[in-house]
Amino acid sequence: MSSNLKFLVVDDFSTMRRIVKNLLQELGYNDITEADDGNTALPLLKAGSFDILITDWNMPGMPGLDLLKAVRADSKLAKLPVLMLTAEAKREQIVEAAQAGVSGYVIKPFTAVTLKEKLDKILASRAAA
Amino acid sequence: MSHPDPEQFRAQVAALQGALDGGDAAGFRHAFEALSAQMDCGLLPELKRITATAQSALARFSAEARLDVLAGHEVPDARKRLTHVVKLTDEAAHRTMDLVDSCGPLVDEAARGAASLLDAWRSYGERDLAFAAQWPESAATYLQRTRADSERLRANLTELLMAQGYQDITGQIIRSVIALVDELEQVLGKLVCIADGNEVTSMQRALPAKLDWERGLGPQVAGITNGDAVSGQDDIDALLSQMAADK
């Protein structure tokens, strides 16, 4: 299976970016760009035509929640599917992310099956929209 | 502190009064000095004792508490050690993933080879029974097992890759401890200044911004409660479904 979907993977740990990238490649997604926090991700998002954003929350510089809010506040990016992939586990945080318009929330440590399931769900609702 | 005898005081005051009334300047000075000495002998030793205690406490504070060593070397070293741990785990995780990456094509090749030999055997076998008869049954069993094992190996490689996520989780926890060590270093530096008798005007470096949940709290750690946390992915899915339903 291969796909032309364009992914941006944002995490400050290069190990986690590599894990997500390898999993996406196993799922047939090969167009993957990486960024290490919100500050580096946002200009990439504004400049490129990404189809989906997968971001960590706890990062130096701009954290994932701020990146999500910035995406939703930008008229061109507002509808971009955003999957939060994070170790942040407080109910308050998940509620805040949902209210800020997150499309999916995967808690670390996660499994390949969970990531695939959430991605499929996001892409299905994206196709239906 | 020893208290002067009131009778003695009374006698000295009377002597002072008598000298004053009698215009006896030398007598007055003598009586005044006696009274003053009487008062000092109670207060002075006590003051000296307090001063000495304070001085030795300050000396102990800077010498025995090893503040200088702690602030100057051991705490900064602790930070370097922790940073080094993050670096080592990062390198180990990448090394493991390099090996996983290099094993992937080998497994795929083994599976492909087994599958194509099995296919060839079957297609030849249908046309040429003599050819098929040359193949021992054990070869077919071996190829079938190789193909199945390759799938399991592939799955295990993916699990091996996922397991490297520990580096991100431990790294986040260690980074939060490094931030704490930074704060500790600031506080110790301030104490050293005080012990050395220097005035502390301001912190040399700004303290790191206080972590709050909007910036991210990092992973859950057993034994440390971090407020109201979810128990796992199922809990999150339920929470998000409930929120969507309540809309």
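1. Overview of the overall build of chain A
Part 1 of the reasoning: When helices and strands are counted, chain A shows five helices and five strands.
Part 2 of the reasoning: Along chain A, helices and strands appear, N-terminal first, in the series β-α-β-α-β-α-β-α-β-α.
Part 3 of the reasoning: Over its C-alpha trace chain A gives a radius of gyration of 13 Å, about what one expects of a compact globule, namely 14 Å for 129 residues.
Part 4 of the reasoning: Projected onto the principal axes, the alpha-carbon positions of chain A cover approximately 35 × 30 × 30 Å.
Part 5 of the reasoning: Counting all 129 residues of chain A, 58% fall into the buried class.
Part 6 of the reasoning: A separation of at least 24 residues holds for 64% of the contacts in chain A among residues at least 6 apart in sequence.
Part 7 of the reasoning: Positive and negative charge centroids in chain A, built from 16 and 16 side chains respectively, lie 5 Å apart.

2. So, the layout of surface pockets
Part 1 of the reasoning: Computed from the structure, the second largest pocket encloses a volume of approximately 470 Å³.
Part 2 of the reasoning: Contributing to the lining of the second largest pocket are 17 residues, with Val102, Ser103 and Lys121 of chain A together with Leu240 and Ala244 of chain B lying nearest its centre.
Part 3 of the reasoning: Of all the secondary structure elements, the ones that give two or more residues to the lining of the second largest pocket are α4 (91–99), β5 (104–107) and α5 (112–128) of chain A together with α7 (233–246) of chain B.
Part 4 of the reasoning: For the lining of the second largest pocket, the leading source of residues is α7 of chain B, giving five residues.
Part 5 of the reasoning: Its residues placed into classes, the lining of the second largest pocket shows seven nonpolar, six polar and four charged.

3. Overview of the interface of chain A and chain B
Part 1 of the reasoning: Taken together, the 41 residues of chain A in the interface contact 40 residues of chain B.
Part 2 of the reasoning: Summing both partners gives a buried area of about 3,500 Å² for chain A against chain B, and 56% of it is carried by carbon and sulfur.
Part 3 of the reasoning: There are seven salt bridges connecting chain A and chain B.
Part 4 of the reasoning: Asp237 of chain B is paired through a salt bridge with Lys118 of chain A; the nearest N and O atoms lie 2.8 Å apart.

4. Let's talk about the pattern of salt bridges
Part 1 of the reasoning: This structure, assessed with the given rule, holds 26 salt bridges over all chains.
Part 2 of the reasoning: Where Arg18 of chain A meets Asp98 of chain B, a salt bridge forms, and the shortest distance between an N and an O atom there is 2.7 Å. Of this pair, Arg18 of chain A sits in helix α1 (residues 14–26) while Asp98 of chain B sits in helix α3 (residues 67–127), on two different chains.
Part 3 of the reasoning: When its relative accessible area of 15% is taken as the criterion, Arg18 of chain A is described as buried.
Part 4 of the reasoning: The shortest N-O distance in the salt bridge between Asp120 of chain A and Lys116 of chain A comes to 2.8 Å. Residue Asp120 of chain A and its partner Lys116 of chain A are both found in helix α5; the two are separated by four residues, about one turn of the helix.
Part 5 of the reasoning: For Lys116 of chain A, a relative accessible area of 38% puts it in the partly exposed group.

5. Quick word on empty space enclosed by the protein
Which parts of space are left empty comes out when a probe the size of a water molecule is rolled across the atoms.
Residues and elements named next belong to chain A.
Part 1 of the reasoning: A complete count under the given rule lists one cavity of 30 Å³ or more for this structure.
Part 2 of the reasoning: The volume enclosed by the largest cavity comes to roughly 30 Å³.
Part 3 of the reasoning: Together, Val9, Val10, Asp11, Met16, Arg17, Val20, Ile54, Thr55, Asp56 and Leu85 line the largest cavity.
Part 4 of the reasoning: Taken together, the elements giving at least two residues each to the lining of the largest cavity come down to β1 (3–10), α1 and β3 (52–55).
Part 5 of the reasoning: Broken down by element, the lining of the largest cavity gets its largest block of residues, three residues, from α1.
Part 6 of the reasoning: For the lining of the largest cavity, a count of residues per class yields six nonpolar, one polar and three charged.

6. Details of the confidence of the model for chain B
Residue and element names in this part refer to chain B.
Part 1 of the reasoning: Looking at chain B as a whole, its pLDDT mean stands at 84, while 91% of the residues score no less than 70.
Part 2 of the reasoning: Predicted confidence in chain B is weakest over helix α4 (residues 129–133), with a mean pLDDT of 72, and strongest over α7, with 93.
Part 3 of the reasoning: pLDDT under 50 marks residues 204–208. Its contacts with residues more than four places away, or in other chains, come to eight contacts.
Part 4 of the reasoning: The ipTM for the predicted assembly is 0.88, set against a pTM of 0.76.

7. Description of the nonpolar core
Part 1 of the reasoning: With 32 residues, the main nonpolar core has Phe7, Leu24, Phe110 and Leu119 of chain A as its most contacted residues.
Part 2 of the reasoning: With sequence-adjacent residues up to four places away left out, Phe110 of chain A is seen in contact with Met16, Ile19, Val20, Leu23, Leu85 and Leu115 of chain A together with Met162 of chain B.
Part 3 of the reasoning: Core analysis: the second largest hydrophobic core is formed by 30 residues, Met62, Leu65, Leu77 and Ala97 of chain A among them.

8. Comments concerning unusual backbone geometry
Trans is the common state for peptide bonds, and a negative phi is the common state for residues other than glycine.
Part 1 of the reasoning: Residue Pro109 of chain A follows Lys108 of chain A across a cis peptide bond; omega there is -5°.
Part 2 of the reasoning: You can see Pro109 of chain A is positioned in the loop between β5 and α5.

Conventions and cut-offs
Residues numbered from 1 in each chain as written. Chains lettered and ligands numbered in written order. Predicted model: local features only at pLDDT ≥ 70, side-chain atom pairs only at ≥ 80, totals over all residues. Heavy atoms only, no water. Helix = DSSP H or I, 4+ residues; strand = E, 2+ residues; numbered from the N terminus. Rg over C-alpha atoms; globule rule 2.2 N^0.38 Å. Buried < 20%, exposed > 50% of the residue type's maximum accessible area, 1.4 Å probe, protein only. Contact = heavy atoms within 4.5 Å. Lys, Arg positive; Asp, Glu negative; His and termini not counted. Charge placed at Lys NZ, Arg CZ, Asp CG, Glu CD. 1 Å grid on protein atoms, 1.4 Å probe; cavity = no way out; pocket = protein on both sides within 12 Å on 5 of 7 lines; lining within 4 Å. Points joined across faces, edges and corners; volume = space filled by probe spheres on them. Nonpolar A, V, L, I, M, F, W, Y, C, P; charged D, E, K, R; others polar. Buried area = accessible area lost by both parts, 1.4 Å probe. Salt bridge = Lys/Arg side-chain N within 4 Å of Asp/Glu carboxyl O. pLDDT = per-residue confidence, 0-100. Core = buried A, V, L, I, M, F, W, Y, C linked by side-chain atoms within 4.5 Å.

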